[in-house]
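Coordinate inspection notes
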Amino acid sequence: MPTTNRPLSIRSLLVVIALSVIASAGTLAWDKSAQGPAPPQRGSQSYEQWLTREVGHQLVQIPWLSVFDNLQYSVRGSEVTLAGQVWQPVTKDDAGKAVKGIEGVTKVINNIEVLPLSPMDDQIRRAEYRAIYGFPDLERYAMGVLPSIHIIVKNGHVTLVGTVDNQMDKNVAEIRAKSVPNVFSVDDQLQVQSVRSETQSKR
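Everything in this summary refers to the structure shown in the same document.

About the cut-offs
- Residues numbered from 1 in each chain as written.
- Predicted model: local features only at pLDDT ≥ 70, side-chain atom pairs only at ≥ 80, totals over all residues.
- Heavy atoms only, no water.
- Phe/Tyr/Trp six-rings, centres within 6.5 Å; stacked < 30°, edge-to-face > 60°.
- Helix = DSSP H or I, 4+ residues; strand = E, 2+ residues; numbered from the N terminus.
- Buried < 20%, exposed > 50% of the residue type's maximum accessible area, 1.4 Å probe, protein only.
- Pairing = 2+ DSSP bridges.
- Polar contact = N/O pair within 3.5 Å; in protein donor to acceptor, adjacent residues only side chain to side chain.
- Contact = heavy atoms within 4.5 Å.
- Expected span 1.5 Å × (residues − 1).

Applying the stated criterion to the full structure yields three aromatic pairs. The interplanar angle of 35° and the centroid separation of 5.6 Å between the aromatic rings of tyrosine 47 and tryptophan 50 together place this pair among those described as tilted. You can see tyrosine 47 and its partner tryptophan 50 sitting in helix H2 (residues 45–59), three residues apart, about one turn around the helix. Accessibility classification places tyrosine 47 together with tryptophan 50 in one group, the buried group. Taken together, a centroid distance of 5.0 Å and an interplanar angle of 40° make the contact between tyrosine 129 and tyrosine 133 tilted. Taken together, the residues span about one helical turn, with tyrosine 129 and tyrosine 133 both in helix H4 (residues 119–133) at a distance of four residues. The rings of Phe68, Tyr129 and Tyr133 are connected pair by pair, giving a single aromatic cluster.

Once that is clear, we can look at the pairing of strand E5 (residues 149–154). Burial analysis of E5 places five of its six residues in the buried class, the great majority of the element. Note that E5 and strand E6 (residues 157–164) share six bridges and pair antiparallel. If you follow isoleucine 152 over to E6, its bridge partner there is threonine 159. Here E5 folds back onto E6 in antiparallel fashion, the turn holding two residues, of which asparagine 155 has a positive phi close to 55°.

Moving on: the side chain of lysine 170. Relative to the assigned elements, lysine 170 resides in helix H5 (residues 167–178). Using a relative accessible area of 14% as the deciding quantity, one classes lysine 170 as buried. Among the polar contacts listed, one links the side chain of lysine 170 to the side chain of aspartate 188, at a separation of 3.4 Å. With residues up to four places along the chain from it excluded, the contact list for lysine 170 reads Val164, Asp188, Gln189, Leu190 and Val192.

A word on H5. Counted at 1.5 Å a residue, the expected span for H5 with its 12 residues is 16 Å, and the 17 Å between its end C-alpha atoms agrees. Where H5 is buried, its residues contact H4, E5, E6, strand E7 (185–188) and strand E8 (191–192). The N-terminus of H5 is capped by asparagine 166, whose side-chain oxygen sits 3.2 Å from the backbone nitrogen of methionine 168.

Right, dumping it as structure tokens:
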């Protein structure tokens with residue numbers, strides 16, 4: 001984490017995040033010739049499960065994917081629907097291309113929303129990043145390829161998405177997000193990891 005008190009520009013911040021993603025992804029970028037075993041037969045349940053994992057794997061490797069983006073997806077047979085919000089149009093395009101390149105995919109519906117350009121929203125993004133990831137109890141969430149708390153800003157409204165370890169961290173993140181000036185509202189959609197894991201284990 002930066003220790004200087006100088007404001008970090010969105011461009012600089014995304015460059016740092018992108019370089020981290022690229023360095024971590026390395027030669028793992030999707031390549032038909034570098035894939036492991038062939039995927040299961042298209043149309044089978046095992047193929048849909050494989051495709052769901054593969055889509056997630058490809059999306060997290062998009063170079064410009066950042067803490068200010070929220071990518072979501074669903075898989076039905078060999079069709080993939082993309083949703084969520086991104087800060088830059090190139091991220092939407094890259095997501096669609098990455099998924100279209102997966103073996104066996106027959107259709108990609110790209111419903112990703114490109115957030116409006118706004119200098120005020122950019123200021124809020126910088127301030128929210130510092131408020132959340134600069135707080136000692138939440139610093140650990142900034143580690144890894146991509147921070148687990150995503151900050152989505154649209155016309156002064158902030159939505160927090162992603163996962164945290166416990167309810168206390170969820171509450172702290174919301175409080176920190178609400179402390180930023182010029183924010184109209186904060187929608188805390190963070191999921192507590194332990195609760196999510198318990199829910200999935202009961203299925």
